[in-house]
Structures are given as structure tokens and as C-alpha cells.
Amino acid sequence: MRQLLPVPLPDVEVADVYAGPRPAPEGRPWVMANVVASVDGSAVVGGRTAELSSEADRHLFHLLRSLADVVLVGANTVRVEGYGPARGAGGPPIAVVSRSLELDWDSRLFTEASAPTIVVTCTAADAARRRRAEEAGEVIVAGEDHVEIDRAVAELGRRGVAVVLCEGGPCLLGEVVAAGHLDELCTTVAPLAVGGAGPRVAMGAGAGTPVPLRLVSALEEHDHLFLRYLRG
Ligand SMILES: NC(=O)c1ccc[n+]([C@@H]2O[C@H](COP(=O)([O-])OP(=O)(O)OC[C@H]3O[C@@H](n4cnc5c(N)ncnc54)[C@H](OP(=O)(O)O)[C@@H]3O)[C@@H](O)[C@H]2O)c1
């Protein structure tokens with residue numbers, strides 16, 4: 001891929017550009033996010049991300065997973081995007097955040113995961129569904145009426161997780177931002193203007209203080225931009 005920043009280079013190794021360090025901030029795991037959006041800010045085309053992605057983006061998606069100890073994702077993204085386990089035997093476990101626990105327990109995400117899928121839920125979740133979740137994988141309870149992001153991240157840290165990769169969706173990432181837990185944002189800008197009423201990559205009711213970010217690298221391939229930001 002061509003590097004634009006921090007210095008122009010005709011071809012760089014993507015793994016080198018996205019290498020750490022990722023030190024634990026204030027004793028909790030490092031939280032990074034990976035998202036894709038159109039130039040005009042839509043996080044979806046036709047309700048999904050596939051048309052925003054590219055071969056290089058998919059390569060980066062798997063590379064970032066290889067750098068993480070767990071992939072944190074909202075239940076709606078799991079349902080809409082048909083999530084399976086992370087690729088390969090050494091892939092990190094997927095941790096699904098859900099209150100409803102309306103998840104397909106017979107899907108590959110639960111039946112074929114080499115590292116058991118984690119369900120992050122709250123006390124208010126339906127008891128029978130919670131038992132089903134416990135049969136299917138591991139359950140973390142991190143909140144009463146809803147999952148509290150800081151509790152969820154701390155619980156993952158107690159289980160030895162040093163790097164959390166949040167893959168969205170917009171509602172979950174909005175909560176991560178509002179909780180002040182976003183340490184790194186890897187965003188792909190797809191060369192499309194989508195219009196419509198699609199979501200942004202992070203949204204929700206609980207917008208808090210904006211998180212300042214600094215751009216540490218910018219790569220380009222086939223008009224897709226790959227921007228890596230760290231907390232400013
Ligand atoms: N462009 C991108 O980078 C990107 C990335 C990911 C997804 N997407 C797209 O975004 C859409 C899905 O995103 P979304 O914002 O609708 O949903 P989401 O963030 O993936 O998931 C929302 C769901 O997660 C659970 N949840 C989130 N916060 C919770 C909390 N504090 N406590 C308990 N449960 C919580 C709830 O699940 P329950 O309903 O089960 O209780 C909630 O309905 C899809 O269209 C997908 O294609 C885009």
C-alpha cells in the first residue's frame with residue numbers, strides 16, 4: 001500500500017504501520033476500533049458494510065484482529081453481518097454485547113469457535129436465554145439494566161485481555177466513545193458518496209466529551225484511505 005503520512009512512501013508493509021506498542025491505559029486494556037465509512041460518512045450501503053470494503057480493507061480487518069486479544073462487537077452487527085468466529089486457530093475470541101440475548105446459538109459463531117465466544121450482558125437479561133448463552137460460550141455480566149462499557153472492559157482485563165478490538169456497530173462504538181475508552185481508531189474511508197440516512201460509525205444518545213485524536217498514519221490503495229488515529 002502507498003503511504004501518504006507520516007512520510008510519503010511508495011509501498012509499505014501494513015503490519016509495520018499498525019504495530020504497537022499498545023500499553024494498558026490506567027490499568028485497563030487498550031481499546032482500539034476498526035470501522036469503515038463512505039466519504040460522506042455513511043457506515044453502511046444497503047444496511048451492510050460489504051460495499052464499503054475492499055481487498056486491502058479486508059486484509060487490514062484480519063491484521064487488526066491478529067493484534068487483539070478479543071473482538072468486541074454489538075449484537076446487531078453480529079445479526080446483520082452474520083458473524084462467525086475469527087479466522088484461524090489462533091484467532092481472538094469474539095465478545096458479543098447483548099441485552100436481549102436474541103442470538104443464534106446454533107450459528108458458527110458459537111459452534112465452530114476455537115476460542116469460545118463470549119457474551120457480555122447485564123443482570124436484566126432473560127434468565128433462560130442467559131443459561132443458553134452459558135451453554136454456548138462464556139458469559140460476562142457487566143451491569144444491571146444494560147452493559148456498562150467500563151465494567152465490560154475491566155472484566156475483560158481481569159481475564160488477561162490486554163488489547164480489545166471494537167468492530168462496532170455504531171451504537172456500541174458510540175458507547176465506547178462516550179465512556180472515554182477509545183484509545184485508537186482505525187478508519188477506512190471508501191471512495192463512495194452514499195447519501196441516504198445510514199448511520200455514522202459511532203452514534204447514540206450518550207455523546208459525551210469529544211475524544212481528541214491525532215493522525216499517526218495514512219495509507220492509500222485504489223482510492224481507499226486507511227487512517228490510523230491515536231488518542232490525542
Ligand atoms: N461501517 C462500519 O464500520 C460498521 C461496523 C459494524 C457494523 N456496521 C453496521 O452497523 C449496523 C449495526 O449497528 P447498530 O448500531 O445497529 O448495532 P450494534 O452496535 O452492532 O449493536 C447494538 C446492539 O448491541 C447490544 N448493545 C449495545 N450496547 C449495549 C449495552 N450497553 N447494553 C446491552 N446491550 C447493548 C444490543 O443488543 P440486543 O439488541 O441484543 O440487546 C443492541 O441492540 C449494521 O447495519 C452493520 O452492517 C458498520
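Relevant structure appears above.
These lines cover the structure that appears in this document, whether it is placed above or below. Remember, predicted model here, so these are calculated numbers, not experimental data. (Residues numbered from 1 in each chain as written. Predicted model: local features only at pLDDT ≥ 70, side-chain atom pairs only at ≥ 80, totals over all residues. Heavy atoms only, no water.)

## Description of the overall build of the protein
And then number 1: Within the protein one finds seven helices and ten strands.
And then number 2: Each of the three principal axes of the protein carries a C-alpha extent, and together these read 55 × 40 × 40 Å.
And then number 3: Counting across all 232 residues of the protein, residues that qualify as buried make up 48%.
And then number 4: A sequence separation of at least 24 residues applies to 65% of the contacts in the protein between residues at least 6 apart.
And then number 5: When the accessible surface of the protein is split by element, carbon and sulfur atoms take 53% of a total near 11100 Å². (Helix = DSSP H or I, 4+ residues; strand = E, 2+ residues; numbered from the N terminus. Buried < 20%, exposed > 50% of the residue type's maximum accessible area, 1.4 Å probe, protein only. Contact = heavy atoms within 4.5 Å. Areas by Shrake-Rupley, 256 points an atom, 1.4 Å probe, with all protein chains shown as cover.)

## Comments concerning the site of the ligand
And then number 1: Taken together, 26 residues lie around the ligand, and V36, T77, E81, S98 and E175 are the ones closest in.
And then number 2: One nitrogen or oxygen atom from the main chain of A43 is found 2.8 Å from a nitrogen atom belonging to the ligand.
And then number 3: More than half of the atoms belonging to the ligand lie within 2 Å of the grid points that define the largest pocket.
And then number 4: Residue assignment for the shell around the ligand shows that the elements contributing at least two residues are β2 (30-38), α3 (75-81) and α7 (170-178).
And then number 5: Residue contributions to the shell around the ligand peak at six residues, all from α3. (Near = heavy atom within 4 Å. Polar contact = N/O pair within 3.5 Å; in protein donor to acceptor, adjacent residues only side chain to side chain. 1 Å grid on protein atoms, 1.4 Å probe; cavity = no way out; pocket = protein on both sides within 12 Å on 5 of 7 lines; lining within 4 Å. Sits in = over half its atoms within 2 Å of the grid points.)

## Description of helix α6 (residues 149-158)
And then number 1: Those residues of α6 lying buried are I149, A152, V153 and L156. Each buried residue of α6 lies within a common arc of 95 degrees when the element is viewed along its axis, so the set occupies one face.
And then number 2: Contact partners of the buried residues in α6: β2, β3 (70-74), β5 (118-121), β6 (138-141), β7 (163-166) and α7. (Arc of directions from axis to C-beta.)

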